[in-house]
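As a plain string of letters, each chain reads:
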Amino acid sequence: MILGLAAISYCRPEWFSDLGNPSLKGFVETQLLSVLGVIVTITLASAASLHLELNRLEDDTGEGFSEARWATKAYAYLLIALFGVAMALVVAKPLLATDAHWQAAFNGASIIIIALNGMALIDLTSAVFAIPSKRKAASGQST
């Protein structure tokens, strides 16, 4: 995906540039941080829920979930970092994106940030839904 967006930004910048794609221009200028704010809020809530359920499962079963804890923490920090990168992108784009290639690169980077946030949301949400009930966890059954 990243290589594809980079190739488009280089070979066909009008597809993602501000003049060629005014919808994408408007999204990066005004809506990117709003959309990310919603995604980050929901995903961090899912991560907190997952963390609490892992605590409960550890208390109930005595089993450790260090890999799941590490992944949950990594996703949370990734989302926070991506939000920071998006903020920098929104601020820097008007200053640095002076031609169609750079505009396309900045707009393509915003697509990548949205996609990464969406994938993190999907992965953490599916992990929350995969947590077994107390009875199933105690008996060793899977969901």
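All values reported here derive from a predicted model rather than from experimental measurement.

Visitor: What should I look at first to understand the overall build of the protein in this one?
Guide: Scanning the protein for helices and strands turns up five helices and zero strands. Each helix (α) and strand (β) of the protein, taken in turn from the N terminus, gives the series α-α-α-α-α. Taking 2.2 N^0.38 as the reference for a compact globule, 143 residues should give roughly 15 Å; the C-alpha atoms of the protein span a radius of gyration of 20 Å, well beyond that estimate. Residues classed as buried in the protein amount to 31% of the 143 residues present. Taking all contacts inside the protein whose residues are at least 6 apart in sequence as the whole, residues at least 24 apart take part in 74%. When the accessible surface of the protein is summed, it comes to about 8600 Å², and 67% of that surface belongs to carbon and sulfur atoms. Taking the average location of the 9 positive side-chain charges in the protein and that of its 11 negative ones, the two points are 6 Å from each other.

Visitor: Looking at this structure, how should I read the packing of helix H2 (residues 22-61) against helix H3 (residues 66-96)?
Guide: Packed helices, taken two at a time, are described by the angle between their axes plus the distance between the axes. For the pair H2 and H3, the least separation of the axes is 9 Å and the interaxial angle reads 165 degrees. What the angle tells us is that H2 and H3 run roughly antiparallel. As H2 packs across H3, the resulting crossing turns out to be left-handed.

Visitor: Mind showing me how you'd approach the side chain of Asn117 here?
Guide: Of note, Asn117 is situated in helix H4 (residues 100-129). Judged by relative accessible area, which is 1%, Asn117 ranks as buried.

Visitor: Explanation requested: the side chain of Arg69 in the structure shown.
Guide: For Arg69, the position within the fold is in helix H3. A distance of 2.3 Å separates a polar atom in the side chain of Arg69 from a polar atom in the side chain of Asn55. Look past the residues within four positions of Arg69 in its chain and what remains in contact with it is His51, Leu54, Asn55 and Glu58.

Visitor: What's the story with the nonpolar core in this structure? I'm lost.
Guide: The tendency in soluble globular proteins is for nonpolar side chains to be buried as a group. One finds Phe16, Val28, Leu32, Leu36, Ala86, Leu89 and Ile113 to be the most contacted residues of the largest nonpolar core, which totals 16 residues. When residues of this core are traced back to their parent elements, those giving at least two are H2, H3 and H4. Considering each element in turn, this core owes the most residues, five residues, to H2. Leaving out residues up to four positions away in the same chain, Leu89 has contacts with Val28, Leu32, Phe106, Ala109, Ser110 and Ile113. Among the nonpolar cores identified, the runner-up in size contains seven residues, and Ala47, Leu54, Leu57 and Phe65 belong to it.

Visitor: Please clarify how the environment of Thr125 should be interpreted in this entry.
Guide: By the secondary structure assignment, Thr125 is in helix H4. For Thr125, a relative accessible area of 22% translates into the label partly exposed. Remark: the alpha-carbon pair of Thr125 and Ser139, spanning 14 residues in sequence, is separated by 24 Å.

Quick notes on the rules
Residues numbered from 1 in each chain as written. Predicted model: local features only at pLDDT ≥ 70, side-chain atom pairs only at ≥ 80, totals over all residues. Heavy atoms only, no water. Helix = DSSP H or I, 4+ residues; strand = E, 2+ residues; numbered from the N terminus. Rg over C-alpha atoms; globule rule 2.2 N^0.38 Å. Buried < 20%, exposed > 50% of the residue type's maximum accessible area, 1.4 Å probe, protein only. Contact = heavy atoms within 4.5 Å. Areas by Shrake-Rupley, 256 points an atom, 1.4 Å probe, with all protein chains shown as cover. Lys, Arg positive; Asp, Glu negative; His and termini not counted. Charge placed at Lys NZ, Arg CZ, Asp CG, Glu CD. Axes fitted to C-alpha atoms, helices over the stretch in contact; angles between N-to-C directions. Parallel < 35°, antiparallel > 145°, perpendicular 65-115°, else oblique. Left-handed = near helix turned anticlockwise from the far one by under 90°. Polar contact = N/O pair within 3.5 Å; in protein donor to acceptor, adjacent residues only side chain to side chain. Core = buried A, V, L, I, M, F, W, Y, C linked by side-chain atoms within 4.5 Å.

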